[in-house]
Structures are given as C-alpha cells and as structure tokens.
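Reading the structure
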Amino acid sequence: MNFEVMSDKAILAEIGQRVQRERLNRDLAQADLARNAGVSRRALQKLEAGQVCTLASLVRLIRALGKLDAFEVFLPPQGISPIQLAKLKGRERQRASGRRNKRSKE
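The following paragraphs examine the structure supplied in this document. (Residues numbered from 1 in each chain as written. Predicted model: local features only at pLDDT ≥ 70, side-chain atom pairs only at ≥ 80, totals over all residues. Heavy atoms only, no water.)

What follows concerns the packing of helix α2 (residues 30-37) against helix α4 (residues 55-64). The N-to-C vectors of α2 and α4 enclose an angle of 105 degrees; their axes lie 8 Å apart at closest approach. In terms of orientation, α2 lies roughly perpendicular with respect to α4. Taking contact as the criterion, the partners of Leu33, Asn36 and Ala37 in α2 are, on α4, Arg60, Leu61 and Ala64. Tallied by class, the residues present in the contact of α2 with α4 amount to four nonpolar, one polar and one charged. (Axes fitted to C-alpha atoms, helices over the stretch in contact; angles between N-to-C directions. Helix = DSSP H or I, 4+ residues; strand = E, 2+ residues; numbered from the N terminus. Parallel < 35°, antiparallel > 145°, perpendicular 65-115°, else oblique. Contact = heavy atoms within 4.5 Å. Nonpolar A, V, L, I, M, F, W, Y, C, P; charged D, E, K, R; others polar.)

Our next topic: the packing of α2 against helix α3 (residues 41-48). Where α2 meets α3, the axes come as close as 8 Å, and the angle between the chain directions of the two elements is 110 degrees. For the element pair α2 / α3, the angle class is roughly perpendicular. Between α2 and α3 lies a crossing whose hand is right-handed. The segment α2 lies against α3, with Gln30, Ala31, Leu33 and Ala34 engaging Arg41, Leu44, Gln45 and Glu48. (Left-handed = near helix turned anticlockwise from the far one by under 90°.)

To continue, consider α4. For α4, every residue scored as buried is listed here: Ser57, Leu58, Leu61 and Ile62. Along the long axis of α4, the arc covered by the buried residues comes to 130 degrees, so they all point the same way. Within α4, the exposed residues directed more than 90 degrees away from the buried face are Leu55 and Arg63. Packed against the buried residues of α4 are α1 (8-25), α2, α3 and α5 (69-74). Two residues or fewer past α4, glycine 66 is found with a positive phi of approximately 70 degrees. (Buried < 20%, exposed > 50% of the residue type's maximum accessible area, 1.4 Å probe, protein only. Arc of directions from axis to C-beta.)

Take the side chain of glutamine 30 next. Assignment of secondary structure puts glutamine 30 in helix α2. Taking relative accessible area as the criterion, glutamine 30 reaches 17% and is therefore assigned buried. A distance of 2.8 Å separates the side chain of glutamine 30 from the side chain of glutamate 48, its partner in a polar contact. In this view, glutamine 30 contacts Arg23, Arg41, Leu44, Gln45 and Glu48; residues no more than four positions away in its chain are not counted. (Polar contact = N/O pair within 3.5 Å; in protein donor to acceptor, adjacent residues only side chain to side chain.)

Written out as structure tokens, the structure is:
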C-alpha cells in the first residue's frame with residue numbers, strides 16, 4: 001500500500017481498518033479493548049471509523065493490542081550522522097534552521 005499517494009482521510013480510514021481487523025482477529029469486543037487500553041469506547045469507535053483520534057488514544061490502543069513494536073518500524077530512532085557531528089564539533093542539534101526548506105521551495 002502506498003501511503004504517499006493517499007489523502008489524510010484515506011490513511012486514517014486504513015489505520016482504523018487495521019486496528020479493527022487486529023481487534024477482531026483477537027476476538028475482542030470494542031468495550032473490552034477500550035477498557036484494557038484505558039480509553040473510551042467512543043474513542044475506539046471513532047478510530048475504527050477512520051475519524052480523528054488523539055495520539056495518546058492511538059498509543060494506548062496499540063499497546064493494549066501488543067503491537068507497540070510497530071512504532072519501531074514506523075519511526076526508527078535516528079542517530080546523528082558523523083558528518084553532522086563533526087560540523088557541530090561534538091554537540092547535538094537542538095533546533096532546525098529552516099534554511100534547507102526555503103531553498104528547496106525556490
């Protein structure tokens with residue numbers, strides 16, 4: 001599935017369908033999963049319907065499904081590159097300059 005070409009709405013719908021499929025594969029009722037995750041049943045219903053939910057609710061639900069390792073694949077930790085480290089003389093960046101984005105738009 002190519003998420004790059006999908007709209008935000010389509011991506012939310014896909015995430016909701018995947019959460020719902022995982023819940024059903026585990027034979028869990030919405031109320032049970034919501035209770036285990038510490039979120040409202042309505043929050044789970046909204047997520048499964050492809051509607052906006054909070055990031056905290058999503059994390060809680062993914063944790064309750066035992067799928068937190070998916071976040072490791074989704075957004076792996078990024079180390080600082082040796083070249084960048086040399087430019088910064090051993091210090092780690094704390095802010096983005098924004099200069100690179102301005103150049104690419106011109």
